[in-house]
Amino acid sequence: MITIIDNIAYLLDEEKRCATVTKNLVPYSGAVAVPAVIVNGGVEYVVNDILDEAFAECAGLTSVVLGDNVESIGIGAFEGCNSLVSVTFPQVLHLVGMRAFKGCTALKELLFPANVIVIGREAFAGCNSLVNVYLPDNLINIEPSLFDGCSSLARVSIGGMVESVGEYAFCGCSSLCEVVLPEGLLSVEGWAFRDCTSLEHIAFPSTVAAVKKGAFWGCSSLKEFELPRAVNMLDQGVLANCTSLCDVKLHDGVLSIGYGAFYNCSSLECVTIPAAVVNVGDQAFRCCKALNELRILCTAAPMCSGDIADADVYSRTQLMVPVGAVGEYGFARVWERFGNVSELEV
């Protein structure tokens, strides 16, 4: 049974003396302040939860202050509230459900209390006015598509407990120019920073052991990239369409370069492939229009299942191989297509 008090709808748990904010028949609008405690029939109830979709699609809602006892925000609780400008969170909050603020296109800033440990996937997807986000120190993961399409997001502060940046987490954050990844981070998942077209620099902590496919696809302002020491492959399309990229450092433990890894890196002039590499994927250097020197430290030519570049790359680029390996590359599949092959200087 729904109880209405001061224009806010609640579900009451008489046994536990707690209340959950739920959807109202009359859409919420204007400034809403959820109290810490309500009184009904002379009995006090602690307001500790916001139910799934409680405020969803309330187009007239402009601001929300959550009471001091609210511990969780449900799935899609404020989804589609396109006039919502500000939200004030209580210190006891520990969970924000998936899609909680998805499509809140007027929301500009978020400051989370330290106790938040879970923010669900897509929680802020499509919040295209969001500029600053201060994530809590105790957050464990950046969930998939968390800020997907937040095109005004310029800076993100990521807490020191985060272990993973999920798939598409910052995809399409075209204003994002600065991200600090914390020591202790273990993985950057697929497409995590895809089309972050203002991102110029990324520094990985030593703990990162995986950078998945397409992680920085389309980061057209990224100028340099150094693969973390614990990552032994440059995955599929990781740096594809990074058109400003001019400096790449691959450590000597790299074993594989994936499909389209450097696709359309049109400013890249020189790449050094470490000696341990055994495989270079199809289209790895396709559309690399500025590539003029490919330095390969492998004595045995890495395997290629198909074309790794365009005809003009094969004809223009100087392929430099270890002393005594010119013959090896001259008969190796794909590598024999390079017209200019010479030995590396000792």
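Here the structure is shown first, and the text comes after it.
The paragraphs below set out a description of the structure included in this document. None of the values given here were measured: they were computed from a predicted structure.

Another aspect to go through is the overall build of the chain. Across its full length, the chain holds two helices and 28 strands. Here the C-alpha radius of gyration of the chain, 26 Å, is well above what a compact globule of 346 residues would show, namely 20 Å. For the chain, the proportion of its 346 residues judged to be buried stands at 50%. Averaging the coordinates of the 20 positive side-chain charges in the chain and doing the same for the 39 negative ones gives two points 6 Å apart.

On to the sheet that holds strand β26 (residues 293–296). The parallel open sheet is built from four strands, whose spatial order is β24-β26-β27-β28. The sheet is open, and its two borders are formed by β24 (270–273) and β28 (340–343), each paired with just one other strand. Adjacent strand axes in the sheet meet at a mean angle of 20 degrees, parallel and antiparallel pairs treated alike. Direction of pairing for β24 relative to β26: parallel, over a ladder of four bridges.

Moving on: the nonpolar core. Ranked by internal contacts, the top residues of the largest apolar core, which has 115 residues, are Phe78, Phe193 and Phe216. Among the secondary structure elements, those contributing two or more residues to this core are β2 (8–13), β3 (18–22), β6 (43–50), β7 (61–65), β24, β26, α1 (311–316) and β27 (318–321). The element that contributes the greatest number of residues to this core is β2, accounting for four residues.

Summarising the element assignment, Ala210 is placed in strand β19 (residues 210–211). Along the backbone, Ala210 and Ala284 are 74 residues apart, and their C-alpha atoms lie at a distance of 19 Å. Contact partners of Ala210, with chain neighbours within four places excluded, come to Leu186, Ser187, Val188 and Val231.

At Gln283, a position not held by glycine, the phi torsion is positive, near 60 degrees. Tracing the backbone through its elements, the reader meets Gln283 in the loop between β25 (279–280) and β26. Despite not being glycine, Val334 has its phi angle at roughly 75 degrees, a positive value. With respect to the secondary-structure elements, Val334 resides in the loop between α2 (326–331) and β28. For Val334, a relative accessible area of 0% gives the class buried.

The subject of this paragraph is the packing of aromatic side chains. Overall, the coordinates contain 20 aromatic pairs when judged by the stated rule. An angle of 5 degrees between the planes, with centres 4.9 Å apart, marks the rings of Phe78 and Phe101 as stacked. Taken together, the residues Phe78 in the loop between β8 (72–73) and β9 (86–88) and Phe101 in the loop between β10 (95–96) and β11 (109–111) connect sequence positions 23 residues apart. Taken as a pair, Phe78 and Phe101 share a single burial class, namely buried.

Definitions and limits used
- Residues numbered from 1 in each chain as written.
- Predicted model: local features only at pLDDT ≥ 70, side-chain atom pairs only at ≥ 80, totals over all residues.
- Heavy atoms only, no water.
- Helix = DSSP H or I, 4+ residues; strand = E, 2+ residues; numbered from the N terminus.
- Rg over C-alpha atoms; globule rule 2.2 N^0.38 Å.
- Buried < 20%, exposed > 50% of the residue type's maximum accessible area, 1.4 Å probe, protein only.
- Lys, Arg positive; Asp, Glu negative; His and termini not counted.
- Charge placed at Lys NZ, Arg CZ, Asp CG, Glu CD.
- Pairing = 2+ DSSP bridges.
- Axes fitted to C-alpha atoms, helices over the stretch in contact; angles between N-to-C directions.
- Core = buried A, V, L, I, M, F, W, Y, C linked by side-chain atoms within 4.5 Å.
- Contact = heavy atoms within 4.5 Å.
- Phe/Tyr/Trp six-rings, centres within 6.5 Å; stacked < 30°, edge-to-face > 60°.

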